[in-house]
Amino acid sequence: MSQLPTTDAPDVQARRPQATVSLTRVGVTGVEKVLRIRSNGDEQLFYAQLECFVDLPPDQKGAHMSRFEEVVNEAIDTVVLGEAFRAETLAAHIAERVRERQGGLRAEARIAARYPISRPAPASGVPTQEIYTMFGVAIASERGTRRLVGVQAQGMTACPCAQELVRDRAERRLREAGVDAAVVDEVLREVPVATHNQRGIGTLYIGAVEACREGIEATDLLEIVESSMSAEIYELMKRSDEALVVERAHRTPRFVEDCVREMVRQAVARYEPLGPEAFVYARQENLETIHRHNVVAERSGLLGELASELAGEQHVLHHVTMREWLEGREASTT
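If you're wondering where the values come from, they're calculated on a predicted model, not measured in any experiment.

Each value, and the rule that gives it
Residues numbered from 1 in each chain as written. Predicted model: local features only at pLDDT ≥ 70, side-chain atom pairs only at ≥ 80, totals over all residues. Heavy atoms only, no water. Phe/Tyr/Trp six-rings, centres within 6.5 Å; stacked < 30°, edge-to-face > 60°. Helix = DSSP H or I, 4+ residues; strand = E, 2+ residues; numbered from the N terminus. Buried < 20%, exposed > 50% of the residue type's maximum accessible area, 1.4 Å probe, protein only. Lys NZ or Arg CZ within 6 Å of the ring centre and 35° of its normal. Core = buried A, V, L, I, M, F, W, Y, C linked by side-chain atoms within 4.5 Å. Contact = heavy atoms within 4.5 Å. Salt bridge = Lys/Arg side-chain N within 4 Å of Asp/Glu carboxyl O.

(A) Representation of the packing of aromatic side chains in the model. Applying the stated rule across the entire model yields 4 aromatic pairs. Summarising the aromatic geometry, the rings of F46 and Y115 are spaced 5.2 Å apart at their centres and angled 35° between planes, so their arrangement reads as tilted. Here F46 is found in strand 2 (residues 42–56), whereas its partner Y115 is found in strand 3 (residues 106–120), with 69 residues between them in sequence. Here F46 matches Y115 in class, with each residue buried. Aromatic pair F279 and W325: ring centres 5.7 Å apart, planes at 25°, arrangement stacked. Taken as a pair, F279 in strand 8 (residues 279–287) and W325 in helix 9 (residues 322–326) lie far apart in primary sequence, 46 residues in all. Judged by relative accessible area, F279 falls into the buried class, the value being 0%. Since its relative accessible area comes to 0%, W325 is described here as buried. In textbook terms, an aromatic cluster arises when at least three aromatic residues are bridged by ring pairs, as seen for F135, Y205 and Y281. Lying across the ring of W325, R146 places its NZ or CZ 4.7 Å from the centre.

(B) Fine view of the nonpolar core. Counting residues in hydrophobic clusters, the biggest one holds 62 residues, and the most contacted among them are L90, I94, L204, I206 and Y271. The element contributing the most residues to this core is helix 7 (residues 256–271), with 8 residues. Filtering out sequence-adjacent residues up to four positions away, Y271 remains in contact with I206, G215, I216, E217, D220, L221, I224 and L303. Judged by nonpolar contacts, the second largest core, of 12 residues, contains F135, L148, V320 and L326.

(C) Expanded view of the pattern of salt bridges. Per the stated rule, a full pass over the model turns up 22 salt bridges. A salt bridge links R25 to E108; the shortest N-O distance between them is 3.2 Å. In this pair, R25 is assigned in strand 1 (residues 23–39) and E108 in strand 3, connecting sequence segments 83 residues apart. Note that R119 and E232 form a salt bridge whose closest N and O atoms lie 2.5 Å from each other. Of this pair, R119 sits in strand 3 while E232 sits in strand 7 (residues 231–232), and the two are 113 residues apart along the sequence. Salt bridges here are not isolated pairs; linked through shared partners, they connect R25, R106, E108, R110, R323 and E327.

Right, dumping it as structure tokens:
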């Protein structure tokens, strides 16, 4: 039986396209990996979704898609050998390798890793497992690599507006019933007033230049996100936990805007040592209960500018975006 000739397959991707237009991003999405990381004798599982992109010059027909998967696996083997998993470090390694393998001017990698944390419920102390999401984003170019670390957590918010309306109605009814005004004030001060609630989804990213990026821990970001809402929530709670969480939320009513501003305030205070060129992105989405729509607020910008606004020194008109900061374009937009 005759054998087929063995010749190298043509590099179709390297051919010249019919329309010679460069492309901003070409890559793969929905890459799923389960990362096993051993730390302090225990094995931790992270379920990760990854995206990888590279820019494409006008004279190249396509990117080599198989190389994305190869790069991801190599980067995981290199980075996930340490004691602690850092999503932004893995994203940076992937972006740098993608740029090198694909021959691009710029490459980008994004990672979203979900992982469990065991925590005690606030009153009963019963152990409960909470699922959080950690983000890592990096862009590699000839200027170097910039990276972001982010987290996403859920919590509870209580509406201040509805609470004021309910409080006014309660005060009026009590006074009409003959209750002394001083007693009414004391009761309404001590007893949390009803309002409608939302389940909130808070997201916070922090980025710093290469020389200052150490010290950004996902656990610290989670603490900021959860404390910015009216109350934390737990998957498993006893009655005492439910009472404590609901009362805590109603004693700290916050709009979606309040949550973002609180995230920004805490981030600026905690990460001031990173310098004024560090980047902050905060986002809050509240899942409404008495409306059919949801509400969203967000803020992005350089840490120095945010600190200046918080101090009442200036109102920054242009808010540096995440992409601008990652690509090092913030200097030309401020």
